[in-house]
Amino acid sequence: MKIHRYPQGSRVRISRGNRFPIDDSLVGRLGTVVHLKPSRGDKYGIQLDGETRIRVFAEDELDPEVVAGSLEEAGEPAGGSGSASPS
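Residues numbered from 1 in each chain as written. Predicted model: local features only at pLDDT ≥ 70, side-chain atom pairs only at ≥ 80, totals over all residues. Heavy atoms only, no water.

Some remarks on the pattern of salt bridges
Then, in step 1: Across all of its chains, the model carries five salt bridges by this definition.
Then, in step 2: Residue Arg 11 is joined to Asp 49 by a salt bridge in which the shortest nitrogen-to-oxygen separation is 2.8 Å. With Arg 11 in strand β1 (residues 11–14) and Asp 49 in the loop between β3 (43–48) and β4 (55–58), the pair connects residues that are 38 residues apart, well separated along the chain.
Then, in step 3: Classification of Arg 11 by relative accessible area gives partly exposed; the value is 33%.
Then, in step 4: Classification of Asp 49 as partly exposed rests on a relative accessible area of 36%.
Then, in step 5: Residue Arg 55 is joined to Glu 51 by a salt bridge in which the shortest nitrogen-to-oxygen separation is 2.9 Å. (Salt bridge = Lys/Arg side-chain N within 4 Å of Asp/Glu carboxyl O. Helix = DSSP H or I, 4+ residues; strand = E, 2+ residues; numbered from the N terminus. Buried < 20%, exposed > 50% of the residue type's maximum accessible area, 1.4 Å probe, protein only.)

With respect to the environment of Asp 24
Then, in step 1: Here Asp 24 shows up in the loop between β1 and β2 (30–36).
Then, in step 2: A distance of 2.5 Å separates the side chain of Asp 24 from the side chain of Arg 16, its partner in a polar contact. (Polar contact = N/O pair within 3.5 Å; in protein donor to acceptor, adjacent residues only side chain to side chain.)

A word on the side chain of Glu 59
Then, in step 1: Locating Glu 59 in the fold gives a position in the loop between β4 and β5 (62–64).
Then, in step 2: Within the local environment of Glu 59, its side chain forms a polar contact with the backbone nitrogen of Arg 5, the two atoms lying 3.4 Å apart.

As for the sheet that holds β2
Then, in step 1: Spatial ordering of the open sheet is given by β4-β3-β2-β1-β5, a layout of five strands whose pairing is antiparallel. This sheet does not close on itself; its edge strands, each paired only once, are β4 and β5. The mean angle between the axes of side-by-side strands here comes to 50°, regardless of whether they run parallel or antiparallel. (Pairing = 2+ DSSP bridges. Axes fitted to C-alpha atoms, helices over the stretch in contact; angles between N-to-C directions.)

Describing the pairing of β1
Then, in step 1: With burial as the criterion, only one face of β1 is covered, namely that bearing Val 12 and Ile 14; the residues Arg 11 and Arg 13 on the opposite face remain uncovered.
Then, in step 2: Here three bridges tie β1 to β2, and the two strands are oriented antiparallel to one another. Looking at β2, one finds that Arg 11 is bridged to Thr 32.
Then, in step 3: Both β1 and β5 contribute to a ladder of three bridges, which runs antiparallel. Each bridged residue has a counterpart across the sheet, and for Val 12 the counterpart in β5 is Pro 64.

Notes on the nonpolar core
Then, in step 1: Tyr 6, Val 12, Ile 14, Ile 22, Leu 26, Val 33, Tyr 44, Ile 46, Leu 48, Phe 57 and Leu 62 together form the largest nonpolar core, which totals eleven residues.
Then, in step 2: Those elements giving two or more residues to this core turn out to be β1 and β3.
Then, in step 3: The contacts of Tyr 44, once residues within four sequence positions are left out, are His 4, Arg 5, Tyr 6, Val 33, His 35, Leu 36, Lys 37, Arg 55, Val 56, Phe 57, Glu 59 and Leu 62. (Core = buried A, V, L, I, M, F, W, Y, C linked by side-chain atoms within 4.5 Å. Contact = heavy atoms within 4.5 Å.)

Right, here's the structure in full:
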């Protein structure tokens, strides 16, 4: 049984896969996983930002969209790493 790498609702960025040719205009676009193909564990229905249609992409054509968090979430103390003294 294949487990999907990206669950429904995941934000992904389209990349160039290894198996299928892809339209250059799609590479780098962002979208949301809206449908998983249960019979084909490596296929995803993606709704690209600004579109209403759902396009099908292979798993190797998707990269997770990483959202940068705050410095505190990354383990950096508030106020940065400098040791400036008050004037």
